[in-house]
Amino acid sequence: DTGVSQDPRHKITKRGQNVTFRCDPISEHNRLYWYRQTLGQGPEFLTYFQNEAQLEKSRLLSDRFSAERPKGSFSTLEIQRTEQGDSAMYLCASSSNQGTGAFFGQGTRLTVV
Amino acid sequence: SQELEQSPQSLIVQEGKNLTINCTSSKTLYGLYWYKQKYGEGLIFLMMLQKGGEEKSHEKITAKLDEKKQQSSLHITASQPSHAGIYLCGAALDSNYQLIWGAGTKLIIKP
């Protein structure tokens, strides 16, 4: 396990379609984070898991967004009825409890046309 | 809106010159993290600082956290083309380690 991996790297979808992204964290990390990043900005926090429990959700996460981490390992982020404003880079990160630093995946770039 | 202020927004530096990037918070930080990002890619962890007055170095990059734990600087000595990218500071406000972020500093190295 060499790091956090995200799939797909790129996704182009038509407005109104549903999309799902996957994140595989570093195996010994029990914390998993989803962020969204638009051009020229830092990442915006979306949601956070400790093992399989979703502990916090940002108000940015509308009811069209849902995230799961069913077995406390990989996580999925689903966006339903995508809108053009959802176009962004979606970043996943994982960390241990010790706060030694979150490690990021390469991100999934979503383009809604 | 960004809760951490990073400056400058962008920086063009002649290869071989030194440079400094700053990150400032109005709140006392639990931890401060520096990351580097290439365009369209994920973030690469550089360094973490937790103690007031702490300083860490890796190769030609040095990061410091002030005594009040509200400001950090990232200093690059004798810059090289490989240093080009976007530098982001992230800060934890408590032990949950959920990070808030600066907007990033875009660094361009001129040959």
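About the thresholds
Residues numbered from 1 in each chain as written. Chains lettered and ligands numbered in written order. Predicted model: local features only at pLDDT ≥ 70, side-chain atom pairs only at ≥ 80, totals over all residues. Heavy atoms only, no water. Contact = heavy atoms within 4.5 Å. Buried area = accessible area lost by both parts, 1.4 Å probe. Polar contact = N/O pair within 3.5 Å; in protein donor to acceptor, adjacent residues only side chain to side chain. Helix = DSSP H or I, 4+ residues; strand = E, 2+ residues; numbered from the N terminus. Nonpolar A, V, L, I, M, F, W, Y, C, P; charged D, E, K, R; others polar. Phe/Tyr/Trp six-rings, centres within 6.5 Å; stacked < 30°, edge-to-face > 60°. Buried < 20%, exposed > 50% of the residue type's maximum accessible area, 1.4 Å probe, protein only. Lys NZ or Arg CZ within 6 Å of the ring centre and 35° of its normal.

Q: Before we go on, may I ask you to explain the interface of chain A and chain B in this structure?
A: Reports of interface size often rely on the accessible area that becomes lost once the parts have come together. Between chain A and chain B, the contact holds 26 residues from the first and 20 residues from the second. Summing both partners gives a buried area of about 1700 Å² for chain A against chain B, and 50% of it is carried by carbon and sulfur. For the pair chain A and chain B, the number of links is three residue pairs in polar contact (both at pLDDT 80 or more). At the level of elements, strand E4 (31–37), strand E5 (44–50), strand E9 (88–95) and strand E10 (103–104) of chain A are the ones that each hand at least two residues to the side of chain A that touches chain B. The biggest single contributor to the side of chain A that touches chain B is E4 of chain A, with four residues. Residue composition of the side of chain A that touches chain B, grouped by class: eleven nonpolar, eleven polar and four charged.

Q: When you look at the packing of aromatic side chains in this model, what are you seeing that I'm missing?
A: The description of two aromatic rings rests on the distance between their centres and on the angle between their planes. Enumeration over the complete set of coordinates arrives at twelve aromatic pairs over all chains. Taking 5.3 Å as the distance between ring centres and 85° as the angle between the ring planes, the aromatic pair formed by phenylalanine 104 of chain A and tyrosine 35 of chain B counts as edge-to-face. One end of the pair, phenylalanine 104 of chain A, is in strand E10; the other, tyrosine 35 of chain B, is in strand E4 (residues 31–37), on a second chain. Each of the two residues, phenylalanine 104 of chain A as well as tyrosine 35 of chain B, counts as buried. Aromatic pair tyrosine 35 of chain B and phenylalanine 45 of chain B: ring centres 5.7 Å apart, planes at 70°, arrangement edge-to-face. Taken together, the residues span a long stretch of sequence, with tyrosine 35 of chain B in strand E4 and phenylalanine 45 of chain B in strand E5 (residues 43–49) at a distance of ten residues. In this structure tyrosine 35 of chain B comes out as buried when scored by relative accessible area, which is 0%. Of the residues examined, phenylalanine 45 of chain B reaches a relative accessible area of 23% and is grouped as partly exposed. In this structure an aromatic cluster arises from ring pairing among Tyr33, Tyr35, Phe45, Tyr48, Phe103 and Phe104 of chain A together with Tyr33, Tyr35, Phe45 and Trp101 of chain B. Across from the ring centre of phenylalanine 74 of chain A, 3.9 Å away, lies the NZ or CZ of arginine 22 of chain A, which sits over that ring.

Q: I'm lost on the environment of threonine 38 of chain A in this one. Help?
A: Residue and element names in this part refer to chain A. Relative to the assigned elements, threonine 38 resides in the loop between E4 and E5. Taking the relative accessible area as the measure of exposure, threonine 38 reaches 34% and is therefore partly exposed. As a C-alpha pair, threonine 38 and arginine 109 span 71 residues in sequence and 9.7 Å in three-dimensional space.

Q: What is the right way to look at the environment of aspartate 66 of chain B in this model?
A: All names here are of chain B. Following the sequence through the fold, aspartate 66 ends up in the loop between strand E7 (61–65) and strand E8 (71–76). Residue classification places aspartate 66 among the partly exposed residues on the basis of a relative accessible area of 26%. Measuring from C-alpha to C-alpha, the distance between aspartate 66 and glycine 53 comes to 4.8 Å, with 13 residues separating the pair along the chain. Sequence-distant contacts of aspartate 66, defined by excluding residues within four places in its chain, comprise Gly52, Gly53 and Gln71.

Everything listed here is a matter of coordinates, which is why it stays silent on function.
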